[in-house]
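Fold and contact review
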Amino acid sequence: MVTTITLNPMLDKTIYVDRLERGTIHRALKMEMVAGGKGINVSRQLKRLGINTIATGFLGGEVGSIVLRLLTEESMEHDFVRTQAATREGLTYLEPDGAWTAMFEPPLRVEQSSAHELSRKIGELASKSTWIVCGGSSPGDEADEIFYEAIVLAHRNGISSVLDSYGRAFELGLKAKPTMVKPNKREFEMTFHQSLTTESDHVRAVQFLLEQGAQYSILTNGGHMFYAGIQGHFWKVTPPPTKAVNPTGSGDALVAGILYGFHQGWKFERCLAFGAAAGAANARVWEVANTNLQEILSLESSVKIQRVSVKK
Ligand SMILES: Nc1ncnc2c1ncn2[C@@H]1O[C@H](COP(=O)(O)OP(=O)(O)OP(=O)(O)O)[C@@H](O)[C@H]1O
Ligand SMILES: [Mg+2]
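Given the structure is predicted, the values throughout are model-derived calculations rather than measurements.

1. Focus: the environment of Asn290
- By secondary structure assignment, the location of Asn290 is in the loop between helix 9 (268-283) and helix 10 (293-300).
- Its 17 C-beta neighbours within 10 Å are what place Asn290 among the partly exposed residues.
- Sequence separation between Asn290 and Leu196 is 94 residues; the distance between their C-alpha atoms is 31 Å.
- Ignoring any residue separated from it by four or fewer positions in sequence, one finds Asn290 in contact with Arg44, Gln45 and Arg48.

2. Some points on the nonpolar core
- Within the largest apolar cluster, 84 residues are counted, with the highest numbers of intra-cluster contacts made by Val133, Cys134, Ala150, Ile151, Ala256, Leu272 and Ala277.
- Tallying contributions element by element places helix 9 first for this core, with eleven residues.
- Here Ala277 is in contact with Pro240, Gly257, Ile296, Leu299, Glu300 and Val303, once residues within four sequence places are set aside.

3. Quick notes on helix 7 (residues 199-211)
- Spanning 13 residues, helix 7 covers 18 Å between terminal C-alpha atoms, matching the ideal 18 Å at 1.5 Å per step.
- Taken together, the buried residues of helix 7 touch strand 11 (180-181), helix 6 (185-192), strand 12 (216-219), strand 13 (226-230), strand 14 (233-238) and strand 15 (304-308).

4. Structural notes on the pairing of strand 10 (residues 160-164)
- The buried fraction of strand 10 amounts to five of the five residues, a majority that puts the element mostly inside the structure.
- Neither face of strand 10 is left uncovered, since the one carrying Ser160, Val162 and Asp164 and the one carrying Ser161 and Leu163 both have all their residues buried.
- Of the strand pairs in this sheet, strand 9 (residues 131-135) and strand 10 are connected by five bridges, and their pairing is parallel. If you follow Gly135 over to strand 10, its bridge partner there is Asp164.
- Since strand 9 and strand 10 lie parallel, the crossover through helix 4 (residues 146-156) that links them has a hand, and here it is right-handed.
- With two bridges joining them, strand 10 and strand 11 adopt parallel strand pairing. Within strand 11, the residue paired with Val162 across the bridge is Met180.
- Traced from strand 10 through helix 5 (residues 167-175) to strand 11, the parallel crossover comes out right-handed.

What counts, and at which threshold
Residues numbered from 1 in each chain as written. Chains lettered and ligands numbered in written order. Predicted model: local features only at pLDDT ≥ 70, side-chain atom pairs only at ≥ 80, totals over all residues. Helix = DSSP H or I, 4+ residues; strand = E, 2+ residues; numbered from the N terminus. Buried ≥ 20, exposed ≤ 12 C-beta atoms within 10 Å, placed from the backbone. Contact = placed C-beta atoms within 7 Å. Core = buried A, V, L, I, M, F, W, Y, C linked by C-beta atoms within 7 Å. Expected span 1.5 Å × (residues − 1). Pairing = 2+ DSSP bridges. Right-handed = clockwise from strand over helix to strand, strands pointing away.

Laid out in structure tokens, this is it:
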């Protein structure tokens, strides 16, 4: 089973409008809502690929209750810590030509006691899991150490872990030596105050993450070529050309795709191709992290993977 952790989930509402204009009232054509958040996305994509998964993290208030109901309606296994603080909502206004404008409420600030409760829960889930996925941002200082603790708990239980975050939660989590790291380029640049331009900048960044103790390091960059590595081997991957409708969750779909590949016993290079295809398949549709195996396989053959040699 794969346990995913979402510290900062969101009730993700899409509001369909004819045309968005400042300073006026709009009457929406329709509204859809879905449970949002990086770990939740990974769980959704894994479930779609037939991998057992459970989502945990923080949920609070009436909005948190709606998120729980939506997860249950999706038949997703979940075990969240209920918080005093209310879960946020995110509104995306979608116009008929595909243009979208999003507004996210500020994150919930959790109490210390909830942070401790989540760490305890992760400990229990770790004993039943093969992987723990730490995905997305931390809502504030009080939750910044949870990914670190989750990765330590993964080691203690002899299981693997993924860290896909940024800022302090990412830096702290990295110290616990996750099995796989997957920030995107912007998140890496922001966290480590660097700007990556050349190929060697990117390979050095991938190498830096491996030197911190990760076995697999992936630095994605939306629809652009991206870099990945294991100790002594580096690749550059060109995703399939895609008309992006909604790339939100493509990184989460990639993580789920790679875990699916590991589950099949594939080599990392094949997992990378499948993961890149899963990310592209996600970008092609409005729905987040919910594409099927056939769609991903049909894109996989157009992923280009090349070895990168490293000059000493
Ligand atoms: N426009 C696109 N065209 C083709 N492939 C894409 C596109 N956007 C994303 N992908 C695929 O998905 C992978 C992950 O995307 P991206 O770098 O946007 O992740 P991310 O920023 O972590 O996303 P999120 O955090 O919203 O899940 C890319 O490496 C690529 O393989
Ligand atoms: Mg991401």
